[in-house]
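Architecture and fold: a report
Residue-level listing of the chains:
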Amino acid sequence: MTMIDVAALDDIPRDGARVVRTPQGCIAIFRIADDRVFALDDRCPHKGGPLSEGIVHGAQVTCPLHGMVFDLATGLAQGGDEARVATYAARVESGRVYLDADFMARRSAA
Amino acid sequence: MTWKLVVIGAGMASGRMLEHLFEAGFDGHVTLFNAEPRGNYNRLMLSPVLSGEKTYDQIVTHDDAWYAARGVECRFGEAVVRIDRGRKVVVSQRGETPYDVLVIATGSAPFMIPVAGRDLPGVVTYRDLDDTNAMIAASGPGAKAVVIGGGLLGLEAAAGMAARGAEVTVIHLMGHLMERQLDPAAGYLLQRDLEARGIRVHCKGATKAILGKGRVEAVLLEDGTVYDADLVCMAVGIRPEIRIATDARLDIGRGITVDDQMRTSDPSIFALGECVEHDKQLFGLVAPLYDQARVLAATLMGQEAAFRPVQTATKLKVTGVDLFSAGDFAGAPGREDIVFRDPGRGVYKRLVVEDDRLIGAVMYGDTADGAWFFDKIRTGEDVSAIRDTLIFGPAFQGGASADPLAAVAALPPEAEICGCNGVCKGRIVTAIEGGASTLDAVRTATKASASCGTCTGLVEQVMALTLGDGFTANANPPMCKCTDHTHEDVRRLIKAGGLKSIPAVMQELGWKTVGGCASCRPALNYYLLADWPLDYRDDRQSRFVNERNHANIQKDGTYSVVPRMWGGVTTPAELRAIADAADKYAVPMVKVTGGQRIDLLGVRKEDLPAIWSDLNAAGMVSGHAYAKGLRTVKTCVGSEFCRFGTQDSTGLGIKLEKLLWGSWTPAKVKLGVSGCPRNCAEATCKDIGVVCVDSGYQISVAGAAGMDVKETELLVTVATEDEAMEVIAAFTQLYRENARYLHRIYKWVAKVGLDWCRAQIVDPAIRRALYDRFMLSQSIHQADPWAAYAERPVDWQPVADLRLRAAE
Ligand code: SRM
Ligand SMILES: Cc1cc2nc3c(=O)[nH]c(=O)nc-3n(C[C@H](O)[C@H](O)[C@H](O)COP(=O)(O)OP(=O)(O)OC[C@H]3O[C@@H](n4cnc5c(N)ncnc54)[C@H](O)[C@@H]3O)c2cc1C
Ligand code: SF4
Ligand code: FES
């Protein structure tokens, strides 16, 4: 897996997110209260809401447009909604955030 | 021939290693070097020495007799400066010492943050007896000490000096104390306990410089705060002490690299303790070091042994502070939290379960079950069968449950329950004990909940507590799934308990989740901001997107920007600036709104700071068209131009908007001011409406024209503009202080009654006090958010753009 350095951890607010632009659309990088990071498509499967702008609570995010809640690790909608957002591998090392780059290749091949 | 073992460093690790070695019958010759002018002592116990609970003599682990009996040649006060691996000798002040086998156990060195003044006399670290003695000498009654770093060591230093009578301030960079071991809730409790001992805690504090002429005098923080100091203890972290190993070109990472047998890259050199790195891991607590000592002794005796790091648990050695942290307690997907809070006893427990196994625990206030949980973490046993009662520990395998009344039970008798009539818990209890057994009887006896009624829930809880089973409270729906309390109860308890942060509210009111949810977080943020304008700092991450970005999000993720247009009046210059901005940022639609403003719809997020600063430059501030706050004051032309106008409705509308803008409210607030009863500004369907008449101003409130449509009701009629302004600010404050989050004024008035509102407003003293509190809050919150955020435009951009990379 190729991991690309995309940001300093401190660029992302705790309980918040920042966005990485990719040819396949934006990816939201979330940083939760304990400094773990998660990467998900920045598009809500409901009507495309930018998940990066949602309120983060624990390891979940609430979509800012109509309030669907997603688990940040699995991308699965919570509370009975049937939906899933694509997730990508991301990790923190020495204060930098790394994102799995292979998804780009995978996606354009698919 | 006996072999020569040389040990560098007489610390916790090497001391234990020597014990194992001699117990196993080692018969070689040991030379023990130590930079400190003394032998092995229990470093952990320096904290009790500092606080005065122990003396140095009591913490010595190996005395002269012990070394003598084993023929250990002690070279204390003599640092090894070089290792000559080729000739197998170590070099120290007194010359060379040959070895067959060398053990490096040099521990760590405290890290100093590189700020000006760190070399001043009076700045110490916390590592050895000399540091401890320096702190003891400097911390008599009246002395002022500043500790930089709110981790384990810093807090033990702070508590120790405080115990000796010093006035201690702890400066911590992060949002809560001991953030590596504790979550915010436990960190809050710890801070509360330390503050109760007179230790001042300053979180989110970055040290800028240590000040003083010839000796330390004060510490300056980045935010400008200055704390006087006779002594500064820097406890911000440690680094493995690897200098001699580096010079000797042993393999090193962050520490000296060792294998499972504690062997370095040189087969005759071993290392253990805090100076080593094993499998990319460093060690900072003694438990794993003791394992290393056992493994190394066995290896040296030719036995087979391998070091496997195990989980360690943390405790803070401050008498009277009970905390425990073990394993991985970070919240993460797939992990479930089990939370128990007992506000009455100041207890917080949190377990983290993953795949039916306990993987982490944080506890505060009651750590009796720590060992039991720690064992479950280590063994990784399946806990699914006992999950429901796990948090109650081994004793409670029947299962107690969190008590929804605990927060009220914990309140002291003087805590105010009814804000309107100033009735405290003690008086209500006395009335109940005096025979008042129904809500009406309590109301008659004390007046509690007899006015606006929002504290009814709390009064009922006090009754339930006092009368026990004899009383059942009316269950109102709780605020959200995170708590059993209603919005109204939470508001009252925040005030009664003096709670000033989100973690404080969650702990003291027994929140059932770790960090709340998207529904309670914004509400709590508002309540704290409204109740403690001077103390509370807005939590941006607890705000809904529109308020966080100060613009209204649209269905495609772009935003609409509405500059303030006071009273709906604009100028050619403002219109020109708006037109220029619309052109420059290619705004897809410019629309006149229903509230007499101009809306720029479809602005991209990354353009927001730039468009803001352009509009700011033209003298315009945010219209807060996205806020739970003052939106618009709609006006008509009034007496200035209209043939029917009785007063200057436009002028009053502008004044009102300038008075009220920037205030955060439970839900949005819209005003209208009409110049005569023809009411062209539709004032009588607003949250607050003013209709001008010949004799003055009719102020009416609680209108609605959205999902509900309702005409306003008359609050008061006043003669002058000044009175109108004071009444409206005071009424807004009454609403800010009492309504539940997201209730518009008409919903709130329907609950508390217009008569009660009017009674507050017509009483000159109450009205003035409300007005003053409103103005105090405005002194903080009436600031244009655009100006502040436009300073860091990069925060609004994507952090990275990978589109180019893919094109390569
Ligand atoms: C821009 C505007 C429509 C227009 O083009 O004229 C507008 C646009 C929105 N209104 Fe409105 N309302 C606008 C005037 C009104 C009015 C009339 C007025 O202000 O005189 C009302 C009825 C009065 C009232 O406030 O109740 C009104 C009642 C609502 C409601 C229902 C509120 C209620 O309690 O019943 C909502 C929903 C809400 O707030 O939860 C709402 C929400 C919205 C939101 C913010 C929906 C949202 O959350 O995204 C719309 C934002 C559109 C966007 O993408 O920017 N809008 N909305 C008007 C801006 C007024 C201004 O200058 O600030
Ligand atoms: C105040 C305090 C409280 C603590 N409380 C706890 C606790 O409650 N629980 C816990 O698990 N841990 C605690 N620790 C951490 C624990 O003390 C350390 O993990 C442990 O002491 C490390 O052991 P060590 O042998 O690696 O190093 P040390 O004990 O530091 O010993 C290293 C020795 O080597 C000497 N030395 C260094 N370089 C040279 C050289 N070139 N030549 C000769 N000598 C040299 C040093 O002077 C020092 O005496 C505490 C530490 C401190 C300072
Ligand atoms: S009425 Fe208001 S909320 Fe509804 S579509 Fe129009 S602007 Fe949006
Ligand atoms: S777009 Fe996310 S919930 Fe509708």
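Rules behind the numbers
Residues numbered from 1 in each chain as written. Chains lettered and ligands numbered in written order. Predicted model: local features only at pLDDT ≥ 70, side-chain atom pairs only at ≥ 80, totals over all residues. Heavy atoms only, no water. Helix = DSSP H or I, 4+ residues; strand = E, 2+ residues; numbered from the N terminus. Buried < 20%, exposed > 50% of the residue type's maximum accessible area, 1.4 Å probe, protein only. Contact = heavy atoms within 4.5 Å. Areas by Shrake-Rupley, 256 points an atom, 1.4 Å probe, with all protein chains shown as cover. Lys, Arg positive; Asp, Glu negative; His and termini not counted. Charge placed at Lys NZ, Arg CZ, Asp CG, Glu CD. Buried area = accessible area lost by both parts, 1.4 Å probe. Salt bridge = Lys/Arg side-chain N within 4 Å of Asp/Glu carboxyl O. Polar contact = N/O pair within 3.5 Å; in protein donor to acceptor, adjacent residues only side chain to side chain. Nonpolar A, V, L, I, M, F, W, Y, C, P; charged D, E, K, R; others polar. Pairing = 2+ DSSP bridges. Patch = residues over 30% accessible without salt bridge, like charges linked within 9 Å, V, L, I, M, F, W, Y side chains within 5 Å. Axes fitted to C-alpha atoms, helices over the stretch in contact; angles between N-to-C directions. Arc of directions from axis to C-beta. Near = heavy atom within 4 Å. Right-handed = clockwise from strand over helix to strand, strands pointing away. Parallel < 35°, antiparallel > 145°, perpendicular 65-115°, else oblique. Left-handed = near helix turned anticlockwise from the far one by under 90°.

It is worth spelling out the overall build of chain B at this point. Each helix and strand in chain B was counted, giving 27 helices and 39 strands. Dimensions of chain B along its principal axes, counting C-alpha atoms only, are 120 × 75 × 55 Å. Split into buried and exposed, the 808 residues of chain B put 55% on the buried side. Sequence separation of at least 24 residues holds for 62% of the intrachain contacts in chain B that already meet a minimum separation of 6. When the accessible area of chain B is evaluated, it comes to approximately 33600 Å², of which 51% is carbon and sulfur surface. For chain B, the separation between the mean place of its 89 positive charges and that of its 99 negative charges on side chains is 3 Å.

Take unusual backbone geometry next. Negative phi is the rule for most residues except glycine; trans is the rule for most peptide bonds. Residues and elements named next belong to chain B. If you check the backbone angles, Asp356 has positive phi at about 65° while not being a glycine. Residue position: Asp356 is located in the loop between β24 (347-354) and β25 (357-364). In the Ramachandran plot, Leu742 falls in the positive-phi region, its phi being about 75° despite a non-glycine side chain. Within the fold, Leu742 resides in the loop between α22 (721-738) and α23 (745-752).

Another aspect to go through is the interface of chain B and chain A. On the chain A side, the residues contacting the 39 residues of chain B number 35 residues. Contact between chain B and chain A buries roughly 2800 Å² in total, counting both sides, with carbon and sulfur atoms accounting for 59%. Where chain B packs against chain A, one counts 4 salt bridges. With a shortest N-O distance of 3.1 Å, Asp328(B) and Arg36(A) are connected by a salt bridge. Connecting chain B to chain A are 15 residue pairs in polar contact (both at pLDDT 80 or more). Of the residues in the side of chain B that touches chain A, the class split is 18 nonpolar, 9 polar and 12 charged. Inspection of the sheet shows strand β2 (residues 16-22) of chain A paired to strand β39 (residues 800-801) of chain B by 2 bridges, in the parallel sense. The partner of Val20(A) across the bridge, within β39(B), is Ala800(B).

A few words now on a nonpolar patch on the surface. All names here are of chain B. Residues Leu534, Leu776 and Ile780 make up a contiguous nonpolar surface patch of about 270 Å² in total accessible area. Mapped onto the secondary structure, Ile780 falls in helix α25 (residues 764-781). The partly exposed category is assigned to Ile780, whose relative accessible area is 40%.

Our next topic: the sheet that holds strand β33 (residues 669-674) of chain B. All names here are of chain B. In space, the 5 strands of this open sheet follow the order β32-β33-β34-β35-β38, with mixed pairing throughout. The open sheet has two free edges, formed respectively by β32 (630-635) and β38 (713-718), since each of these has just one partner strand. Strand after strand, the sheet turns through a mean of 20° between neighbouring axes, direction not considered. Pairing analysis gives 5 bridges linking strand β35 (residues 696-701) to β38, with the strands arranged antiparallel. Each bridged residue has a counterpart across the sheet, and for Ile699 the counterpart in β38 is Val716.

Here we come to helix α24 (residues 754-762) of chain B. Residue and element names in this part refer to chain B. Burial in α24 covers these residues: Leu754, Trp756, Cys757, Gln760 and Ile761. The arc enclosing the buried residues of α24, seen along the axis, measures out at 165°, which places them on a common side. Each element contacted by the buried residues of α24 is listed here: β35, β38, α22, α23 and α25.

Here we come to the pattern of salt bridges. One pass over the full model with this rule turns up 58 salt bridges over all chains. Ionic pairing is found between Lys349(B) and Asp369(B), a salt bridge with its closest N-O pair at 3.9 Å. With Lys349(B) in strand β24 and Asp369(B) in the loop between β25 and α10 (370-379), the pair connects residues that are 20 residues apart, well separated along the chain. The buried category is assigned to Asp369(B), whose relative accessible area is 13%. A salt bridge links Lys376(B) to Glu381(B); its shortest N-O distance comes to 3.6 Å. The network of salt bridges with common partners includes Asp34(A), Arg36(A), Asp328(B), Arg335(B) and Glu354(B).

Residue and element names in this part refer to chain B. Around ligand 1 sit 18 residues, and of these Gln554, Thr593, Gly594, Lys668 and Lys670 come closest. The contact in question runs from an oxygen atom of ligand 1 to an N or O atom on the side chain of Ser560, over 2.9 Å. Between Thr593 and ligand 1, the recorded distance is 2.4 Å, taken from a side-chain N or O atom to an oxygen atom. For the shell around ligand 1, the per-class residue count stands at 3 nonpolar, 8 polar and 7 charged.

As a further point, take the pairing of β33(B). All names here are of chain B. Burial runs high along β33: 5 of the 6 residues are buried. Two strands pair when backbone bridges link them, and β32 and β33 are joined in this way by 4 bridges, in the parallel orientation. Looking at β33, one finds that Val633 is bridged to Leu671. Chirality of the crossover, the property in question, places the unit of β32, helix α21 (residues 649-660) and β33 among those that are left-handed. Two elements, β33 and strand β34 (residues 688-693), share 4 bridges in a ladder whose sense is parallel. Considered in β34, the bridge of Ser674 is made with Val691.

All names here are of chain B. Counted residue by residue, β35 has 5 buried out of 6 residues, so it is predominantly covered. Looking at chain direction, β34 and β35 are connected through 6 bridges and run antiparallel. Bridging across to β35, Gly689 finds its partner in Ser700. Between β34 and the antiparallel strand that follows it, β35, lie 2 residues.

Residues and elements named next belong to chain B. Look at helix α1 (residues 12-23) against helix α9 (residues 286-300): their axes get within 8 Å of each other, and the N-to-C directions meet at 40°. With respect to α9, the axis of α1 lies oblique. Crossing of α1 over α9 shows right-handed handedness. Contacts between α1 and α9 involve Met12, Ala13, Arg16, Met17, His20 and Leu21 on the former and, on the latter, Val286, Leu289, Tyr290, Ala293, Arg294, Leu296, Ala297 and Leu300.

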